[in-house]
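A closer look at the structure
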Amino acid sequence: MGISLSLSGCSDKNAIVDQNTEVINNNWAYTNKIKVAVKVTDATVLYNVYLNLRVTADYKYSNLFVLIRQIGPDKKVFGNRYEFKLADKDGEWLGDGSGNIYSYQVPFLTNYRFTAPGTYVFEVEQNMRDNPLREVSDVGLRVERVTK
């Protein structure tokens, strides 16, 4: 399992969660589902939800498939499979690079309205053919209020 780093106390007043979990030894197994709890106090406003991801320059694919499940306060589960492009067709990384690490913050729910106030749990599972998926260093979630 990983180490959870909560950054929700950051100075960004629109973020209600911005949290990453370290992937031990950069090997993300199917069984290592990254879970992030999000407390929604206002279900009348819109939110953007992002996948946070950090990979090393040795990550061998130009994309990433993940399964993301959302478990609501009513225990109903909603899930989808998403593909995130990490590099262009020439192999250039699309993320922000620092040393050997590339960081991504990719939206997967935009202008999204939660159905009710309460705690929602997002569960992120890698859905590639490789198990474990090598060279993934961190996975997380950011949820922010949409500002007009």
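Residues numbered from 1 in each chain as written. Predicted model: local features only at pLDDT ≥ 70, side-chain atom pairs only at ≥ 80, totals over all residues. Heavy atoms only, no water.

**Remarks on the packing of aromatic side chains**
- On inspection of all chains with the given rule, the structure shows 10 aromatic pairs.
- Here Tyr-59 and Tyr-61 contribute two aromatic rings whose centre-to-centre distance is 5.9 Å and whose plane-to-plane angle is 70 degrees, an arrangement assigned as edge-to-face.
- Here the aromatic rings of Phe-114 and Phe-122 are separated by 6.4 Å at their centres, their planes lie at 80 degrees, and the arrangement is edge-to-face.
- The structure contains a cluster of three or more aromatic residues connected by ring pairs, namely Tyr-47, Tyr-82, Phe-84, Phe-108, Tyr-112, Phe-114, Tyr-120 and Phe-122.
- The cationic tip of Arg-81 hangs over the ring face of Phe-65; the distance from NZ or CZ to the ring centre is 4.1 Å. (Phe/Tyr/Trp six-rings, centres within 6.5 Å; stacked < 30°, edge-to-face > 60°. Lys NZ or Arg CZ within 6 Å of the ring centre and 35° of its normal.)

**Remarks on the pairing of strand β4 (residues 34-40)**
- Here β4 shows a buried face lined by Ile-34, Val-36, Val-38 and Val-40 and an unburied face lined by Lys-35, Ala-37 and Lys-39.
- Judged from the seven bridges that link them, β4 and strand β10 (residues 118-126) form a sheet pairing that is antiparallel. Within the sheet, the bridge partner assigned to Val-40 lies in β10 and is Gly-118. (Buried < 20%, exposed > 50% of the residue type's maximum accessible area, 1.4 Å probe, protein only. Helix = DSSP H or I, 4+ residues; strand = E, 2+ residues; numbered from the N terminus. Pairing = 2+ DSSP bridges.)

**Brief notes about the side chain of Arg-142**
- For Arg-142, the location among the structural elements is in strand β12 (residues 136-145).
- Within the structure, Arg-142 has its side chain in polar contact with the side chain of Asp-18 (distance 3.0 Å).
- In this structure, Arg-142 is in contact with Asp-12, Ala-15, Val-17, Asp-18, Asn-48, Val-49, Tyr-50, Asn-52 and Gln-105, ignoring residues within four places of it in sequence. (Polar contact = N/O pair within 3.5 Å; in protein donor to acceptor, adjacent residues only side chain to side chain. Contact = heavy atoms within 4.5 Å.)

**Looking at the sheet that holds β10**
- Pairing is antiparallel in the open sheet, where four strands are placed in the order β4-β10-β6-β7. Both edges of this open sheet fall to β4 and β7 (77-85), since each of them pairs with a single strand only. Across the sheet, the mean angle from the axis of one strand to that of its neighbour is 25 degrees, orientation sign disregarded. (Axes fitted to C-alpha atoms, helices over the stretch in contact; angles between N-to-C directions.)

**Focus: unusual backbone geometry**
- Pro-132 follows Asn-131 through a cis peptide bond whose omega is 5 degrees.
- Position of Pro-132 relative to the elements: it lies in the loop between β10 and β11 (133-134).
- Notably, Lys-75 is not glycine yet its phi reads approximately 75 degrees, a positive angle.
- Along the polypeptide, Lys-75 turns up in the loop between β6 (63-71) and β7.
- Lys-75 sits in the exposed class, given a relative accessible area of 66%.

**A look at the confidence of the model for the chain**
- A residue-level look at the chain finds 93% of positions with pLDDT of 70 or above and a mean pLDDT of 92.
- Taken as a whole, residues 1-10 scores under 50 in pLDDT and shows 21 contacts with residues more than four places along the chain or in a different chain. (pLDDT = per-residue confidence, 0-100.)

**Structural notes on the pairing of strand β9 (residues 101-112)**
- Taken together, the nine bridges between strand β5 (residues 47-56) and β9 define a ladder with antiparallel strand orientation. Opposite Leu-51, over in β9, you have Val-106 as the bridge partner.
- As judged from the three bridges shared by strand β8 (residues 96-98) and β9, these two strands associate in the antiparallel manner. Counted as the bridge partner of Gly-97 is Tyr-102 from β9.
- Linking β8 to β9, which pair antiparallel, is a turn of two residues; within it Gly-99 sits at a positive phi near 65 degrees.

**Concerning the pattern of salt bridges**
- The final tally for this structure, using the stated rule, is eight salt bridges.
- Residues Asp-130 and Lys-60 are paired through a salt bridge, measuring 3.5 Å at the closest nitrogen-oxygen approach. Of this pair, Asp-130 sits in the loop between β10 and β11 while Lys-60 sits in the loop between β5 and β6, and the two are 70 residues apart along the sequence.
- Exposure remark for Lys-60: the relative accessible area of 62% places this residue in the exposed category.
- Residue Glu-144 is joined to Arg-142 by a salt bridge in which the shortest nitrogen-to-oxygen separation is 2.8 Å. Judged on exposure class, the residue Glu-144 and its partner Arg-142 are both buried.
- Taken together, the shared-partner salt bridges in this structure form one network comprising Lys-35, Arg-69, Glu-123 and Glu-125. (Salt bridge = Lys/Arg side-chain N within 4 Å of Asp/Glu carboxyl O.)

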